[in-house]
Structure formats: C-alpha cells, structure tokens
Amino acid sequence: MASNIAEVDAEGKKRDLQELLGKVETEISELPTSADAAIEKATEYFDHLMALLQDRKEEVVREIGSRRQEVGKCLEEQKEAIEFELAGLTRGSGSEGQARQRVEELLTTPARPSHVVFSEGTAVAEFREAVAKAGRVQVTGKVDASKCSVEVKPGVLKFSNVTLLTTADSEGRPCVVAEDDVKVILTDSFGRAVQTNLQKSKGLWEISYTPELTGNHRLEVTVKGQPVAGSPYDVRVQASRSPVLTIRGEIGSHPVDVAMGKDGNIAVLKNGKKRVRIFDVKTGQSLRWFTVDGEDPFGIDIDSDGQYIVTCRNISDTGKQAILVYSPEGELAKTLKPDCLQNPRGVAVLKDGRMVVADDTQQSCLLLQPDGSLIREIGKGQLQGPWFIAVDESRGLLSVTDCDGHKVCVFDLEGNLKVKFGKWGRNEGELYHPSGVTFDPAGNIIVASWGSNRLQVFKPDGTYLRNVAIVKEADPRGIALTHDGHIAVASWFGYCVELYGYK
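The name an unreviewed UniProt entry gives the chain is Tripartite motif-containing protein 3-like, with Branchiostoma belcheri as the organism.

This is the structure in structure tokens:
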C-alpha cells in the first residue's frame, strides 16, 4: 500500500516537473523575440532623441545666421551715418548747430550689440547625467494583469497617500515589470485628474497621490495595457482627522505601546497577550511576533542595533519589574533588574544605548546606562504619575507625560526642567490623563490623552498648536511618529493601532 502511494506521489511530481519544463522551454523560445523587440524599441527611442538634437542644432545654427544678419545690418547703418557726418564736417556744409546736434546724437547713442555668441543652456556635464539615465534595460517576467493586485486604503485630504500595486505572473508569483508598462489614472469625485507618482519599493509599486477633495475617487490601474484585477477601484478620501489605516487583525487584547524600527516597520506591544508583533506600517500586514517573558509589559522602544527594549511593571508587589532586551529576531538577550527600578512604565532609548525609564512608584524618570545602572534621577518632586517618554537627542531633551498630574514636562538630559504645560480638561489645548508622547522633527510635542481621546500638538515652549484628531477607538496609549509622516496610536480598548495623517 505504501509503495502504491509513493508511486502515485512520484507520478504527480513527474507531471508537475514536465509542466514546468514546458513553461521554461516556451520562455526560452520567446526570449529572442522579446530581446529583438527591446532592441527595436531602444533603437527607435535613441533615434528619436538624436533626431531631436539634430533638429535643435539646425535651429540654433539658423538663429545664429539670422542674428548675424540683423547685427550686421545695424552696424552698417551706424557706419553709414558716421561716414555721412564726417563727410559733412569735411565739406563744412549745413548749419553748424544742426551738424553739432547730429554728431552729439551719434556719440551718445547707446552701444549696439556687435557680437553673436552661443551659450550651452544646459551644460554638457548636466546633459551627460541626463543621457546616462535615458533608457533602462530590465529583465521582466511574463506578467498577467489578472493576477496583479492593488491594496486600496482610504485616502486623507491634502496628505500624501500611498496605494500598493503587486505585479504577478500567471501563477500568481511576484513578477518584475518595467515602469512604462504600468499606467495609473486617478480622478476625483468630479472626474478631474489627480496627479499620481509611481515608484518601486521593496518589490512593490507605490502609487502616491495628494487629494484636494474628500469623497469617492476612481483609481484605474493597467499593466501592459490590461486592467489589473478589480480595476477601477473606489478610493474614499476622508478628512485629515480620520484614521488612514487601522491595524486590527492579530493584535489581540490591549495594545499598550508602539515603536518604529529603522526598517520603517512598527512594533506593537500587547499587554493582554504579552507579545510584541511587528507590522508593515503601510499595509498593516503582520510580519512576525515574539512572546514577552515578563509580567504586565507596558513600554517598548527599539535601539540603534534593532533590539527591542520592553519594560514590565511590578504588579501587586510581586517584584517582577524588569527591563527586557530582545534581539532583532525576538530572542531574549538580557534581563535588567536594577535596584533603582520599582515600577517602570514608558521607555526611550538613546543612540549610545542609554535608556530613560518612567517609574510611577518613584514619581520620576531614571536615566540608565545600557547595563541598567543608574546615572541620575530626573523629575523627582515634579511628577505625580509619569507614563510615557520621548527623547529628542538633537536638542538634548526628553518629554514625559504626567498622567495623574494632567501635564507634560520637558527636561534636558541633565535633569533640568525646561518646560511644563497642561491644564486639566477635555477641550482643545487641555490634557485629561495624558498618555503617549513623541516629538516631531521641528521639536513640537505630540500628546495623546486617554481621558479625552484627543491627539494634540504643542509647540516646543508648550503653547497649544492644534488638534490632530479625536482618536476613533477608545483609550489611546503609546504613540509613535512613522517615517512617512503618520502618527501611530495604540488603542487599549479598541484592540487596534490607528494611523493618523500628520503634517
């Protein structure tokens, strides 16, 4: 019986190999045709470019000849006028006053153009760079538009949005195509064209656009003249205060904090399931995950080596508070339990490996060495319930949310208080249990408040700037600014992470 199964299995594999062999042989037979077509297209392209240059050369030479005649005529006329006056002065004819006036006019007449020169316009060096980019040779697969896919996400008004196109062959396998083979047309709700940009990224095509109107837009995508499966698509463009993307699948219970990696992916710390899950921030696709080996995880950050730094709290005085360091692959590298650590919450890692940890039992922030030893305590006597931390190393500042004090404090790394702001309330510019915090590149401070669900921006001096959004899902916790300019918000009771546009 076992031998019969093996024979059947072998026959099946044999058929699969024969089918694959047939496809490869077909591709081999089609290769000369595609290469000849590419040569013909390249020849036509460069012949056209050379014809354009030849036409421009002849046009410039004709213009030089024309300008030469114009300048020559003007100079001849000037010469004749001067010779006429010289002859008159020699003969002494005409009135002296009129002669003097004509001579004066000739002498004071502004200098006329007397040379014809040529300038490059576009320097040869610049043109050489442009020529080097003219024409591209790519080895592509045999794409099947019906197997290609477009991941459509809601757009945000007056914000750069990205839609992803995956090109595939007839078997659904990823397939490389030339940029010229991809055509994208986006129109707004009035049928007017919206400019799009196409760029290759990580094996996908990024279709980016910035809409000026809300409402349904129409997106048409073709590959080699054929519509991609599902095209045209409806793209809903909404106001900037709506989430661009909601990452919900596989998040599970109580996401508490988020952190951005160098690769642009986002790490989500889940308190309920005690896991860290990595997502593609553009698509929301789950990439990998690992289990946290401590109790009640609360804060996460990623260091310059790609290691994940996770804090675990001390619940019910169990003594299990710790800082856990995981490798980029998710393996536990070390556990830090310094004596100064009592009940850690948020964490931020500096480029040199030092860490700043909020400790709500001690009502302060701890600046620690990479091995966990204490450098200094920051904010003692000025904080009631520190939660999350953000560091702006370019300015030497750290910002911490005081959840119980309804305020935000900004210190320098020496521990000096630089700015303190916040007023209890649910209205714009007010803070009601502030939670997540981060800096933008300009030094502005972005603050989430779980009591009011507001996501707000304050200037570096603490002056209220604007409201970004009312977080759609309840109870925002940790936040992070993504590399492409979104704010990622961990929603504790929404069991998701939401991304909001930020400018």
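(A) Representation of the overall build of the chain within the structure. From N to C terminus, the chain includes three helices and 34 strands. Taken against the 2.2 N^0.38 rule, which gives 23 Å for 503 residues, the C-alpha radius of gyration of the chain at 35 Å runs more than 25% over that of a compact globule. Out of the 503 residues belonging to the chain, those deemed buried represent 42%. In the chain, 47% of the contacts between residues at least 6 apart in sequence involve partners at least 24 apart. Carbon and sulfur atoms form 51% of the exposed surface of the chain, whose accessible area is close to 27500 Å². For the chain, the distance from the average site of its 62 positive side-chain charges to the average site of its 73 negative ones is 4 Å.

(B) Representation of a nonpolar patch on the surface. Taken together, the side chains of Tyr-45, Phe-46, Leu-49, Met-50 and Leu-52 define a hydrophobic patch exposed on the protein surface, amounting to about 440 Å² of accessible area. You can see Met-50 is positioned in helix H1 (residues 2-91).

(C) Focus on a negative patch on the surface. Taken together, the side chains of Asp-36, Glu-40, Glu-44 and Asp-47 present a region of like negative charge at the surface. Looking at the element boundaries, Asp-47 is found in helix H1. With a relative accessible area of 42%, Asp-47 lands in the partly exposed category.

(D) Here's a closer look at the pattern of salt bridges. Counting across every chain of the model gives 16 salt bridges. Measuring nitrogen to oxygen at the nearest pair gives 3.3 Å for the salt bridge that ties Asp-188 to Arg-192. The buried category is assigned to Asp-188, whose relative accessible area is 10%. Since its relative accessible area comes to 46%, Arg-192 is described here as partly exposed. Through salt bridges with shared partners, a single ionic network connects Asp-296, Arg-313, Arg-345 and Asp-360.

(E) Representation of the sheet that holds strand S14 (residues 275-279) in the model. Read across the sheet, four strands follow the order S12-S13-S14-S15 without closing on themselves; strand pairing throughout is antiparallel. With one partner strand each, in any of the chains shown, strand S12 (255-260) and strand S15 (286-291) form the two edges of the open sheet. Each strand axis lies, on average, 20° off the axis of its neighbour in the sheet, ignoring direction. Here S14 pairs with S15 via five bridges, running antiparallel. Its bridge partner being in S15, Val-276 is matched across the sheet by Phe-290.

(F) Summary view of the UniProt feature "repeat: NHL" (unreviewed entry) in the chain. Following the UniProt record, one finds the feature "repeat: NHL" (unreviewed entry) at residues 379-414 and 420-461. The straight-line gap between the two end C-alpha atoms of residues 379-414 is 10 Å; of that span, 0% is helix and 53% is strand.

(G) Region of interest: unusual backbone geometry. Here the residue pair Ser-231 and Pro-232 is connected by a cis peptide bond, since its omega of 5° sits within 30 degrees of zero. One can find Pro-232 in the loop between strand S9 (226-227) and strand S10 (233-238). A positive phi angle is found at His-433, which is not glycine, with a value near 55°. With respect to the helices and strands, the residue His-433 is situated in the loop between strand S27 (417-421) and strand S28 (434-439). Taking the relative accessible area as the measure of exposure, His-433 reaches 17% and is therefore buried. At Tyr-495, a residue that is not glycine, the phi angle is positive and equals roughly 50°.

(H) Here's a closer look at the layout of surface pockets. In this structure, the second largest pocket occupies an estimated 980 Å³ of space. As for the second largest pocket, its lining consists of 35 residues, and the residues nearest its centre are Met-260, Asp-301, Val-349, Val-391 and Thr-438. Tallied by class, residues from the lining of the second largest pocket come to 19 nonpolar, eight polar and eight charged.

(I) Structural detail: the sheet that holds strand S22 (residues 364-368). Ordered by their spatial adjacency, four strands build an open sheet running S20-S21-S22-S23, and the pairing between neighbours is antiparallel. Each edge of the open sheet is held by one strand with a lone partner, namely strand S20 (344-349) and strand S23 (374-378). The sheet shows a mean angle of 20° between the axes of neighbouring strands, direction not considered. Summarising the sheet, S20 and strand S21 (residues 355-359) pair through four bridges and their orientation is antiparallel. Across the sheet, Val-347 pairs through a bridge with Val-357, a residue of S21.

(J) Geometry of the environment of Lys-420. Tracing the backbone through its elements, the reader meets Lys-420 in strand S27. For the pair formed by Lys-420 and Arg-91, sequence separation is 329 residues and the distance between their alpha carbons is 96 Å.

(K) Structural context of the domain arrangement of the chain. What the domain assignment reports for the chain is domain 1 (1-91), domain 2 (145-238) and domain 3 (245-501). Inter-centroid distance (C-alpha atoms) of domain 1 to domain 3 is 54 Å.

(L) Seen up close, the nonpolar core. Ranked by size, the top nonpolar core spans 33 residues in total, and within it Val-276, Val-292, Ile-300 and Tyr-308 carry the most contacts. What Val-292 contacts, discounting residues up to four positions off in sequence, is Leu-269, Lys-274, Arg-275, Val-276, Pro-297, Val-310, Cys-312, Leu-324 and Tyr-326. By size, the runner-up hydrophobic cluster in this structure holds 20 residues, among which are Val-184, Tyr-209, Val-221 and Tyr-233.

(M) Fine view of the pairing of strand S31 (residues 464-470). For strand S30 (residues 454-458) and S31, the ladder comprises five bridges, and the chain directions are antiparallel. Bridge pairing links Leu-455 to Ala-469 in S31.

(N) Fine view of the packing of aromatic side chains. For the coordinates displayed, the defined rule picks out nine aromatic pairs. With centroids separated by 5.0 Å and ring planes inclined at 75°, the aromatic side chains of Tyr-45 and Phe-46 adopt a geometry described as edge-to-face. The exposure class of Tyr-45 is partly exposed, given its relative accessible area of 36%. Where Trp-387 meets Phe-388, the ring centres are 6.1 Å apart and the plane angle is 75°; that geometry is what we call edge-to-face.

(O) Representation of the side chain of Thr-311 within the structure. In this structure, Thr-311 sits in strand S17 (residues 308-312). A residue is classified by how much of its surface remains accessible, and Thr-311, at 0% relative accessible area, is buried. Within the local environment of Thr-311, its side chain forms a polar contact with the backbone nitrogen of Gly-299, the two atoms lying 2.9 Å apart. Beyond its immediate sequence surroundings of up to four residues, Thr-311 is in contact with Asp-296, Pro-297, Phe-298, Gly-299, Ala-322, Pro-344, Arg-345, Val-347 and Val-357.

Conventions we followed
Residues numbered from 1 in each chain as written. Predicted model: local features only at pLDDT ≥ 70, side-chain atom pairs only at ≥ 80, totals over all residues. Heavy atoms only, no water. Helix = DSSP H or I, 4+ residues; strand = E, 2+ residues; numbered from the N terminus. Rg over C-alpha atoms; globule rule 2.2 N^0.38 Å. Buried < 20%, exposed > 50% of the residue type's maximum accessible area, 1.4 Å probe, protein only. Contact = heavy atoms within 4.5 Å. Areas by Shrake-Rupley, 256 points an atom, 1.4 Å probe, with all protein chains shown as cover. Lys, Arg positive; Asp, Glu negative; His and termini not counted. Charge placed at Lys NZ, Arg CZ, Asp CG, Glu CD. Patch = residues over 30% accessible without salt bridge, like charges linked within 9 Å, V, L, I, M, F, W, Y side chains within 5 Å. Salt bridge = Lys/Arg side-chain N within 4 Å of Asp/Glu carboxyl O. Pairing = 2+ DSSP bridges. Axes fitted to C-alpha atoms, helices over the stretch in contact; angles between N-to-C directions. UniProt positions renumbered as here; feature names shortened; annotations may be inferred. 1 Å grid on protein atoms, 1.4 Å probe; cavity = no way out; pocket = protein on both sides within 12 Å on 5 of 7 lines; lining within 4 Å. Points joined across faces, edges and corners; volume = space filled by probe spheres on them. Nonpolar A, V, L, I, M, F, W, Y, C, P; charged D, E, K, R; others polar. Domains from an automatic or database assignment. Core = buried A, V, L, I, M, F, W, Y, C linked by side-chain atoms within 4.5 Å. Phe/Tyr/Trp six-rings, centres within 6.5 Å; stacked < 30°, edge-to-face > 60°. Polar contact = N/O pair within 3.5 Å; in protein donor to acceptor, adjacent residues only side chain to side chain.

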